[in-house]
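Architecture and fold: a report
Each chain, letter by letter, is given below.
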Amino acid sequence: LTRENLQRGDWKELEFKEYNFTAKGLPIDGGHLHPLLKARIKVRQQLKDIFRQMGFEEMPTNNFVESSFWNFDALFQPQQHPARDSHDTFFLQAPSTTNELPEDYVERVKCVHESGGYGSRGYGYDWKRAEADKNLLRTHTTAVSSRMLYALAQKPFVPKKYFSIDRVFRNEAVDRTHLAEFHQIEGLVCDRGLTLGDLLGVLHDFFSRLGMSKLKFKPAYNPYTEPSMEIFSYHEGFKKWVEVGNSGMFRPEMLLPMGLPEDVRVIAWGLSLERPTMILYGIDNIRDLFGSKIDL
Ligand SMILES: COC[C@@H]1[C@H](c2ccc(C#Cc3ccccc3)cc2)[C@@H]2CN(C(=O)Nc3ccc(OC4CC4)cc3)C[C@@H](O)[C@@H](O)CN12
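Along each chain, residue indices are assigned from 1 in the same order as the chain's sequence is written. The predicted origin of the model limits local features to residues at a pLDDT of at least 70 and limits the giving and counting of side-chain atom pairs to 80 or more, whereas totals for whole chains, interfaces and linings rest on all residues. In computing side-chain values, all of the structure's heavy atoms are included and hydrogens and water are not.

Before going further, it helps to spend a moment on the overall build of the protein. Each helix is a run of DSSP H or I of at least 4 residues and each strand a run of E of at least 2, with the numbering of both proceeding from the N terminus. Assigned secondary structure in the protein consists of 10 helices and 9 strands. Only the C-alpha atoms count toward the radius of gyration. The rule for a globule is 2.2 Å times the residue count to the power 0.38. Relative to the 2.2 N^0.38 estimate, which gives 19 Å for 296 residues, the radius of gyration of the protein is 26 Å and therefore markedly larger than a compact globule would have. Summarising its shape, the C-alpha atoms of the protein cover approximately 100 × 45 × 35 Å along the three principal directions. Each residue's exposure class comes from its accessible area (1.4 Å probe, protein chains only) as a fraction of the maximum for that residue type: buried when under 20%, exposed when over 50%, partly exposed otherwise. Classification of the 296 residues of the protein by burial places 47% in the buried group. Looking at the protein alone, contacts between residues at least 24 apart form 70% of all its contacts between residues at least 6 apart. Each accessible area is a Shrake-Rupley result for a 1.4 Å probe, and residues are judged covered by the shown protein chains and nothing else. By element, 53% of the accessible surface of the protein is carried by carbon and sulfur atoms, the whole surface being about 16000 Å². Taking the average location of the 38 positive side-chain charges in the protein and that of its 40 negative ones, the two points are 3 Å from each other. Any pair of residues with heavy atoms lying within 4.5 Å of one another is described as a contacting pair. Lys and Arg are tallied as positive, Asp and Glu as negative. Neither His nor the chain termini are counted. We put the charge of a Lys on NZ, of an Arg on CZ, of an Asp on CG and of a Glu on CD.

Structure below.
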């Protein structure tokens, strides 16, 4: 029976079979994960396996809400830094402030921001406690790294290798259907006497396990690492160099106020989960994968 049959009126001459009301409907399909979400879960599991094979322990990242103190101040990121502005960061209205910071450590952080110490000149600005108390949605998992390193400094020193893979939030240009969030992957090695060579070595080891053996590094800047490097890998498929992450050595102005021994160094690096998932699964639109607006 078609539109034309109805328009021409020749439906009257057509032969129709009886309606079969006992016919079974299509089998009901159970719920299932969105295929692209499955891809991200698979890549996340692959990365967790890689970190574990390399002897890294997973950090506890189950707090999306963080204080500006752990997310920025503890990382020696100055309070007037643009990333700390409300159009880059989601601040919370309620509870708007935290009230459980280690006071003696806060004092040392205030000091290192204002007047330096440990061989540093500091930033020379009036550091405000109220700014550090502001609650936010963490902008990077480096906030968890700072908590873990501080905890490490409260006990007799033992070397550690930590990793994290979890959601972070950036107040980027969002629209009604997209939150600005992505999954950050971060690795760090904390030990006495580590050098940039150790960072290069661990990056080659890590990325070669992801099939990326040809790397190159470019100088970069992060407020909390010196030196810092952007990491590039030659992608045989695209026949071009792809930026695959960022890395560096945490600054003494971050490590020493925590109370870590003077000869302890921390090398660290980060990348996103969405980017490798898109490339490994040939997804050409981040929104398919995550509905996030930010360019990863
Ligand atoms: C605002 O978003 C930042 C995000 C995200 C990122 C960047 C830096 C860090 C970091 C860090 C860091 C540095 C020092 C110390 C501790 C952490 C973490 C995530 C990716 C990091 N990037 C990124 O993931 N790129 C990437 C990673 C893997 C990959 O695998 C494919 C199979 C071949 C392909 C691409 C690089 C770019 O995408 C970049 O343009 C976007 N970056």
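That covers the picture; the talk isn't over yet.
Formed by 31 residues in total, the largest nonpolar core has its most connected members in F69 and L149. Looking at this core, the elements with two or more residues in it are helix 3 (68–71), helix 4 (103–115), helix 6 (142–153), strand 5 (181–192), helix 8 (252–255) and strand 9 (264–272). Beyond its immediate chain neighbours, meaning those up to four positions away, L149 contacts L188, C190, F250, M254, L255, M258, L260 and V266. Working definition of a nonpolar core: buried Ala, Val, Leu, Ile, Met, Phe, Trp, Tyr and Cys residues. They are joined through side-chain atoms within 4.5 Å.

Bringing the sheet that holds strand 6 (residues 215–222) into the picture now. A pair of strands counts as paired when DSSP detects no fewer than two bridges linking them. If you trace the 7 strands from one edge of the open sheet to the other, you get 1-4-5-9-8-7-6, paired in mixed fashion. Of all strands in the sheet, those bounded by a partner on one side alone are strand 1 (57–58) and strand 6. Taken together, the 4 bridges between strand 8 (residues 240–250) and strand 9 define a ladder with antiparallel strand orientation. Across the sheet, residue M249 finds its bridge partner in strand 9, namely I267. Only the contacting stretch of a helix is used when fitting its axis, a line to C-alpha atoms as for every element, and angles between N-to-C directions run 0 to 180 degrees. Sitting on the sheet, helix 2 (residues 35–53) touches strand 1, strand 4 (160–169), strand 5 and strand 9, and the angle it makes with strand 4 is about 160°. Running at roughly 25° to strand 5, helix 6 makes contact with strand 4, strand 5, strand 8 and strand 9 of the sheet.

Glancing now at unusual backbone geometry. Along the chain, A94 connects to P95 via a cis peptide bond; the corresponding omega equals 0°. The residue after E226, namely P227, is reached through a cis peptide bond having omega -5°. In this structure, P227 sits in strand 7 (residues 225–235). The phi torsion at F76 lies on the positive side, around 60°, for a residue other than glycine. Mapped onto the elements, F76 comes out in the loop between helix 3 and helix 4.

Moving on: the pattern of salt bridges. Whenever a carboxyl oxygen of Asp or Glu lies within 4 Å of a side-chain nitrogen of Lys or Arg, that contact is scored as a salt bridge. Under the defined criterion, the tally for this structure stands at 18 salt bridges. For D10, the salt bridge is made with R8, and the minimal N-O distance between the two is 3.0 Å. What emerges from the salt-bridge pattern is a single network uniting K48, R52 and E58.

Attention shifts here to the packing of aromatic side chains. The rule is short: rings of Phe, Tyr and Trp, with Trp giving its six-membered ring, pair when the centres are within 6.5 Å, and they are stacked under 30 degrees, edge-to-face over 60, tilted in between. Throughout the structure, instances matching the rule amount to 18 aromatic pairs. An aromatic cluster of at least three residues, connected via ring pairs, comprises F51, F56, F163, F206, F207 and W269. Geometrically, a charge over a ring is one whose NZ (Lys) or CZ (Arg) sits within 6 Å of the ring centre while staying within 35 degrees of the ring normal. We note K134 situated over the ring of F91; from NZ or CZ to the ring centre the distance is 5.7 Å. Over the ring of Y234 we find K214, and its NZ or CZ is 4.3 Å from the ring centre.

The next subject is the pairing of strand 5. With 10 of its 12 residues buried, strand 5 lies for the most part within the structure. Bridge count for strand 4 against strand 5 is 10 bridges, and the pairing is antiparallel. In the sheet register, K161 faces strand 5, and the bridge partner there is V189. Two elements, strand 5 and strand 9, share 9 bridges in a ladder whose sense is antiparallel. In the strand pairing of strand 9, G187 is matched with W269.

Once that is clear, we can look at helix 2. Across its 19 residues, helix 2 extends 27 Å between first and last C-alpha, which sits within 8% of the 27 Å expected from 1.5 Å per residue. Of all the positions in helix 2, only L36, A39, R40, V43, L47, K48, I50 and F51 are classed as buried. Multiplying 1.5 Å by the helix residue count minus one yields the expected span of that helix.

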